[in-house]
Each structure stands twice: as C-alpha cells, then as structure tokens.
Amino acid sequence: MVPALLRVIRTIRPKYACRACEAHVVQAPARPRVMDGGMATTALVAHVVVSKFAWHLPLYRQAQIFSGYGIHLDRGTLGGWGRTGHRLVAETALRAAARLHPLAAAGVL
Ligand SMILES: [Zn+2]
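Conventions and cut-offs
Residues numbered from 1 in each chain as written. Predicted model: local features only at pLDDT ≥ 70, side-chain atom pairs only at ≥ 80, totals over all residues. Helix = DSSP H or I, 4+ residues; strand = E, 2+ residues; numbered from the N terminus. Contact = placed C-beta atoms within 7 Å. Expected span 1.5 Å × (residues − 1). Buried ≥ 20, exposed ≤ 12 C-beta atoms within 10 Å, placed from the backbone. Arc of directions from axis to C-beta. Axes fitted to C-alpha atoms, helices over the stretch in contact; angles between N-to-C directions. Parallel < 35°, antiparallel > 145°, perpendicular 65-115°, else oblique. Left-handed = near helix turned anticlockwise from the far one by under 90°. Nonpolar A, V, L, I, M, F, W, Y, C, P; charged D, E, K, R; others polar.

Chemist: Honestly, the overall build of the protein chain in this entry has me stumped. Any pointers?
Modeler: Scanning the protein chain from N- to C-terminus turns up four helices and two strands. Listing the helices and strands of the protein chain from first to last along the sequence gives β-β-α-α-α-α. The contacts of the protein chain with a sequence gap of at least 6 include a subset with a gap of at least 24, amounting to 34%.

Chemist: Just to check I follow, could you spell out helix H1 (residues 42-53) for this structure?
Modeler: A turn of α-helix holds 3.6 residues, and therefore any two residues three or four places apart point the same way. Its 12 residues place the ends of H1 16 Å apart at the C-alpha level, agreeing with the 16 Å of an ideal helix rising 1.5 Å per residue. Along H1, the residues that are buried comprise Val 45, Val 48 and Lys 52. Down the axis of H1, the smallest arc covering the buried residues is 65 degrees, so these residues share one side. Residues Ala 43 and Val 50 are exposed on H1 and point more than 90 degrees away from its buried face. On its buried face, H1 is in contact with helix H2 (59-68) and helix H3 (75-100).

Chemist: For this particular structure, what's the right way to read the packing of H2 against H3?
Modeler: Pairs of packed helices are described in terms of their axes, by the angle between the two and the distance that separates them. Look at H2 against H3: their axes get within 9 Å of each other, and the N-to-C directions meet at 115 degrees. Regarding the angle of H2 to H3, the classification is roughly perpendicular. Helix-helix and strand crossings are classified by hand; for H2 and H3 the assignment is right-handed. Residues Leu 59, Tyr 60, Gln 62 and Ala 63 of H2 form the contact with H3, whose participating residues are Arg 75, Leu 78, Gly 79 and Gly 82. Across the contact of H2 with H3, the residue classes break down as four nonpolar, three polar and one charged.

Right, dumping it as structure tokens:
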C-alpha cells in the first residue's frame, strides 16, 4: 500500500523585460486551474469528492485528516472544492452522454 502524498506544487513564472525600453514585459501565461483563483489540483478535488461521496467521509472529518498532515483547510474550502468537483463530473457526464446520443454520432448535434 502506498500512503497518500500531499505536495505543494509551486509554479514560478518569471517576468522578462526588454533592456532597451521599459515597454516590453513578458510573462508566460499561468497554467489553467480546475477553478479560478484556487490552488487545488484536479487530483485533490477528485480526492475530496471521492472521500465524501464514495467513502462517506464528511468534510469536517476530511479537514481533521488534512490537519493531521499539517495542512489546515476549513470546511468551506473543502465544500467549494466539492462543488467544483461535482460540476466537473456533471459536465463530463453530459459530454459523454451527448457523444453517445445517436444524433451526435450522426454529426447532427
Ligand atoms: Zn523593448
């Protein structure tokens, strides 16, 4: 058995400026996130959702478990991740269902 591994992934995006003038400053765009302004990865959101709905682990218990790893998250944050995960699952299921629809297969949808 491999125990859960929680990591903080730090993304460094340096800004580069043109030495000749101060008008040109460039920076690589940030990678898309599963939620705007959030730092949770897709894997962490999936973990929270699966723990809640498949293993019936309430958010306050998940917060206690994360706290045991030294990561302090409040239930509101976990709830927000749960709602995001729920939305992603629903959207993915809708896309999959739409692909299976006979009209979609015929190229009509
Ligand atoms: Zn320049």
